[in-house]
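Listed here are the chains, written in short residue letters.
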Amino acid sequence: MRALIAGNWKMHGLAASASEIATLAAKMKDAAPTDADVLICPPATRVAAFTAKFSGSAIQFGGQDCHADPSGAHTGDISAEMFADAGAAFVIVGHSERRANFGEGGHNEGDADVRRKAEAVLRAGLTPIICVGESEAQRKAGAALEVVGAQLAGSLPETSDDFVIAYEPVWAIGTGLTPTLADIAEMHAFIRSKTRIDVRILYGGSVKPGNAQEILAIDDVNGALVGGASLKADDFYQIVMAGGGKQ
Ligand code: PGA
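Caption draft 1: Fine view of the pattern of salt bridges. Taken as a whole and judged by the stated rule, the model has 18 salt bridges. Overlapping salt bridges, with partners in common, bring together Asp-65, Arg-98, Glu-109 and Lys-117 in one network.

Right, dumping it as structure tokens:
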């Protein structure tokens, strides 16, 4: 299955950031057709402009979160239909920076909210990237599989299998720490046992050019969700190339 290398820009990116994407697109132009699918999820303010500007490239664009309703009195929120209207192909839902119980930055979203958002993304004709992952305390307590199992049971859509799952251990996000390759393999095999064979399961959490190859070589790792290293075209391109070797 073709790998998906997705960049989550979080709250980074202005109009001038188009230059990083232009550099990435130029590097990708000569890449073999077997290379990975490439997605960038910039701030919502840039989705329409980047989609239009890079329509001739192989780079797709997506949202980082959405509201579950198609429209309504929800000041400041953005619906999946609005992302579709802006040209997005995917929307990330359930990132740990939005889920409840993951620290002060959390937005109090539980599994049921994440499922509603994922179903909203499907309703809009886009593909949800549904994030799951345990905290450091949960891993240390030996509860990682149980926690992720419960998140999957509570957040995957019930109406369709057309989604991507991203396993992101919360303690590995932005810290430079990663689980052992054996722990990633164990978790991805576990997630695979709960999903269809052709659902892409991404790994996320401190993916860098230096570790992308070995992580992407693991069975049932079908791509990566990349935060910090997706902001620099040179770094992200190396991760894209590591994903291109995966078929
Ligand atoms: P990171 O973030 O690559 O900076 O660790 C990953 C994510 O939060 O999606």
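On we go.
Caption draft 2: Looking closely at the layout of surface pockets. By volume, the largest pocket is sized at about 530 Å³. Taken together, 19 residues form the lining of the largest pocket, with Lys-10, Met-11, Gln-64, Asp-65 and Arg-98 sitting closest to its centre. Taken together, the residues of the lining of the largest pocket break down into seven nonpolar, seven polar and five charged. Looking at the second largest pocket, its volume works out to about 160 Å³.

Caption draft 3: View of the site of the ligand. Lys-10, His-95, Glu-168, Gly-174 and Ser-206 are the nearest of the 13 residues found near the ligand. Within the backbone of Ser-206, a nitrogen or oxygen atom sits 2.8 Å from an oxygen atom of the ligand. Relative to its unbound accessible surface of 280 Å², the ligand loses 96% to contact with the protein. Among the detected pockets, the ligand sits in the second largest pocket. Here the shell around the ligand is built from residues that sort into four nonpolar, seven polar and two charged.

Caption draft 4: Representation of the pairing of strand S2 (residues 37-41) in the model. With five of five residues buried, S2 lies mostly within the body of the structure. Judged by which residues are buried, S2 turns out to be covered on both faces: Asp-37, Leu-39 and Cys-41 on one side and Val-38 and Ile-40 on the other are all buried. Across five bridges, the pairing between strand S1 (residues 4-8) and S2 is parallel. Bridged to Leu-4 within S2 is Asp-37. Across three bridges, S2 lies against strand S3 (residues 59-63) in parallel orientation. Across the sheet, Ile-40 pairs through a bridge with Phe-61, a residue of S3. Following the chain from S2 across helix H2 (residues 44-53) to the adjacent parallel S3, one finds a crossover that is right-handed.

Caption draft 5: Representation of the side chain of His-95. Note on placement: His-95 falls in the loop between strand S4 (90-93) and helix H4 (111-123). Within the structure, His-95 has its side chain in polar contact with the side chain of Glu-168 (distance 3.2 Å). Excluding its chain neighbours within four sequence positions, the residues that come into contact with His-95 are Asn-8, Lys-10, Cys-131, Glu-168 and Ile-173.

Caption draft 6: Region of the structure containing the sheet that holds strand S5 (residues 127-132). Spatial ordering of the closed barrel is given by S1-S2-S3-S4-S5-S6-S7-S8, a layout of eight strands whose pairing is parallel. For this sheet the average axis-to-axis angle between neighbouring strands, irrespective of direction, equals 25°. Pairing of strand S7 (residues 201-204) with strand S8 (residues 223-226) involves two bridges; the strand directions are parallel. Counted as the bridge partner of Gly-204 is Leu-225 from S8. Along the sheet, H4 makes contact with S4 and S5, crossing S5 at roughly 160°. Against the sheet, helix H6 (residues 144-155) makes contact with S5 and strand S6 (164-167), and its axis sits at roughly 150° relative to S5, the strand it touches most.

Caption draft 7: Quick peek at the packing of H6 against helix H7 (residues 181-193). Across the interface, H6 lies against H7 with an axial gap of 11 Å and an inter-helix angle of 35°. Two packed elements cross with a definite hand, and for H6 against H7 that hand is right-handed. Each of Ala-144, Leu-145, Val-148, Gly-149 and Leu-152 in H6 lies in contact with H7, whose residues at this interface are Glu-186, Met-187, Phe-190 and Ile-191.

Caption draft 8: Geometry of the domain arrangement of the protein. In terms of domain boundaries, the protein breaks down into domain 1 (15-33 + 43-59) and domain 2 (61-222). Here domain 1 and domain 2 have C-alpha centroids that lie 23 Å from each other. Taken together, the contact pairs nine residues of domain 1 with eight residues of domain 2. For the domain 1 face of the interface with domain 2, the top three residues by lost area are Ala-44, Val-47 and Thr-51, together amounting to 58%. Our count for the domain 1 to domain 2 interface comes out at zero salt bridges.

Caption draft 9: Just the packing of aromatic side chains, in detail. Inspection of every chain in the model, using the stated rule, returns five aromatic pairs. Judged by centre distance (6.4 Å) and plane angle (65°), the ring pair of Phe-50 and Phe-54 falls under edge-to-face. Of the two residues examined, Phe-50 and Phe-54, each falls in the buried class.

Conventions and cut-offs
- Residues numbered from 1 in each chain as written.
- Predicted model: local features only at pLDDT ≥ 70, side-chain atom pairs only at ≥ 80, totals over all residues.
- Heavy atoms only, no water.
- Salt bridge = Lys/Arg side-chain N within 4 Å of Asp/Glu carboxyl O.
- 1 Å grid on protein atoms, 1.4 Å probe; cavity = no way out; pocket = protein on both sides within 12 Å on 5 of 7 lines; lining within 4 Å.
- Points joined across faces, edges and corners; volume = space filled by probe spheres on them.
- Nonpolar A, V, L, I, M, F, W, Y, C, P; charged D, E, K, R; others polar.
- Near = heavy atom within 4 Å.
- Polar contact = N/O pair within 3.5 Å; in protein donor to acceptor, adjacent residues only side chain to side chain.
- Areas by Shrake-Rupley, 256 points an atom, 1.4 Å probe, with all protein chains shown as cover.
- Sits in = over half its atoms within 2 Å of the grid points.
- Buried < 20%, exposed > 50% of the residue type's maximum accessible area, 1.4 Å probe, protein only.
- Helix = DSSP H or I, 4+ residues; strand = E, 2+ residues; numbered from the N terminus.
- Pairing = 2+ DSSP bridges.
- Right-handed = clockwise from strand over helix to strand, strands pointing away.
- Contact = heavy atoms within 4.5 Å.
- Axes fitted to C-alpha atoms, helices over the stretch in contact; angles between N-to-C directions.
- Left-handed = near helix turned anticlockwise from the far one by under 90°.
- Domains from an automatic or database assignment.
- Buried area = accessible area lost by both parts, 1.4 Å probe.
- Phe/Tyr/Trp six-rings, centres within 6.5 Å; stacked < 30°, edge-to-face > 60°.

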